[in-house]
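Architecture at a glance
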Amino acid sequence: MELSKSLYSGKKGWLRLQEIISDYNPSGIYILVDENTFKYCLPVLLEKCACITEACIINIPSGEANKTVASIEKIWQMLTVGKAMRSSLLLCLGGGVITDIGGFAAATFKRGMDFVHIPTTVLAMVDAAIGGKTGINLDSLKNQVGVFAQPKSVFVFTEFLETLPERQKLSGYAEMLKHALTDSQDHFADLLGLNSPMNACIETAILRSAAVKIEVVEQDPSEGGIRKVLNFGHTIGHAIEAFSQKNDTDPLSHGEAVAIGLICESYISSKMFGLDRNNLAKISAHVKLHFKHYTIAAGTVDELLALMFHDKKNTDNTQLNFSLINNVGNPVWDKFPGENLIRKSLKYYMDIWKVI
Ligand code: ADP
Ligand code: ZN
């Protein structure tokens, strides 16, 4: 199946969704939501698709902490009680947590029922809902259990973003920035030209960003090679995210941590490869303008490095594996900058906040 052909948006998208739904028995539709998408997004969906008023609503608590076996069990049970069959359809209406859990629950229920993603966050629209990754966390291990399973279709309806809190929009914007940086100088310039992460919540920008992920995933569905470019900003970003979750009362979101990772890994890219000073300065200034400052004390750098080694994506136990950019639009992967340069990049991040 070609992913690019299974993504729909706008008016055409609503028509296509109505069409898909009408292919199923009216009692065969199940909608997975959390308490926020139940409140803000489900009414919009039901208004647009009057044909699904009979659907069974499965409501699970929001947040990464609920990406658990317990949530999956609840979904399987509700599907069973609601007499779902393999020929039923699950609509996953929510952010990345809902698309990850919903995809996994559907892919495993009775050995696999159809599902579609209707992402309602920027992050899910440009990233989580695309690529067929589904799964849950196990204790503190993120995405430890899951399967690759493709949704029947993905629908991008930017009207859902009207109720999304600004901080959530900002988090998704970091992924948009990553996509633009790995895609092309034009994409990067156009995104910056929108002037703010809030302005980037428009269909053209979201679809362009989603297209970057679709293209990469189509070339490498099982993450053997080029898909690693999507990891740009994430080796350091994940470590900072984990550190913040452990130590801060109001931890950084995934995207906020990735934004820091993008600065550090752009710095590394400039030292190891051809990323020019001008672009490095642009990336740093842009993140500095829109994201809050996060203090990385000199004494915490060792712990951050330990977290990077601990991350299962950095496969080599002796060296940290990075995805970087040779210049804007020219990604490279399986690169090993070494500890010293990683330390310097964290210092670079701290230093840019000192410049007035
Ligand atoms: P993400 O897409 O960021 O991985 P989540 O599924 O955790 O993540 O969604 C982030 C938060 O935003 C959750 O609390 C979720 O309930 C809420 N949310 C998702 N979509 C919307 C929306 N359109 N309006 C308001 N809140 C939303
Ligand atoms: Zn990410």
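Here, every reference points to the structure presented above.
First, a word on what this report is: a plain description of the structure on this page. Model, not experiment: these values are computed from the prediction.

Conventions used here
Residues numbered from 1 in each chain as written. Chains lettered and ligands numbered in written order. Predicted model: local features only at pLDDT ≥ 70, side-chain atom pairs only at ≥ 80, totals over all residues. Heavy atoms only, no water. 1 Å grid on protein atoms, 1.4 Å probe; cavity = no way out; pocket = protein on both sides within 12 Å on 5 of 7 lines; lining within 4 Å. Points joined across faces, edges and corners; volume = space filled by probe spheres on them. Helix = DSSP H or I, 4+ residues; strand = E, 2+ residues; numbered from the N terminus. Nonpolar A, V, L, I, M, F, W, Y, C, P; charged D, E, K, R; others polar. Core = buried A, V, L, I, M, F, W, Y, C linked by side-chain atoms within 4.5 Å. Buried < 20%, exposed > 50% of the residue type's maximum accessible area, 1.4 Å probe, protein only. Domains from an automatic or database assignment. Pairing = 2+ DSSP bridges. Donors = N, O, S within 2.8 Å, 3.2 Å for Na, K, Ca; no water.

This paragraph deals with the layout of surface pockets. Put simply, the second largest pocket is a space of about 190 Å³. Looking at the second largest pocket, the residues that line it are Tyr267, Ser270, Lys271, Leu275, Asp276, Arg277, Leu280, Ala281 and Tyr348. Of all the elements in the fold, those that place two or more residues in the lining of the second largest pocket are helix H11 (254-272) and helix H12 (277-290). Classifying every residue of the lining of the second largest pocket gives five nonpolar, one polar and three charged.

Take the environment of Val69 next. Within the secondary structure, Val69 is located in helix H4 (residues 69-81). Taking C-alpha positions, Val69 is 9.6 Å from Gly135, a pair spaced 66 residues apart along the chain.

What follows is about the nonpolar core. The biggest cluster of nonpolar side chains holds 66 residues, and the ones touching the most others in it are Met176, Leu177, Ile236, Ile240, Ile296, Met308 and Tyr349. Sorting elements by how many residues they give to this core places H11 first, with nine residues. Two domains each donate at least three residues to this core, and these are domain 1 (3-163) and domain 2 (170-352).

Both strand E9 (residues 322-327) and strand E10 (residues 330-335) contribute to a ladder of four bridges, which runs antiparallel. From the neighbouring strand, Phe322 faces E10, where its bridge partner is Lys335. Hairpin geometry of E9 and E10 is characterised by an intervening segment of two residues between the two adjacent antiparallel strands and by a positive phi of about 90 degrees at Gly329.

Turning to the coordination of the zinc ion (ligand 2), a few remarks are in order. Within the protein, the atoms that donate to the zinc ion (ligand 2) are Glu175 (OE), His234 (NE2) and His254 (NE2), at distances of 1.9 to 2.1 Å. Within one chain, the residues donating to the zinc ion (ligand 2) are spaced in sequence as E-x58-H-x19-H. Of the two residues, Glu175 is situated in helix H7 (residues 166-183) and His254 in helix H11; the sequence distance between them amounts to 79 residues. Per residue, the accessibility class of Glu175 equals that of His254, and both read buried.

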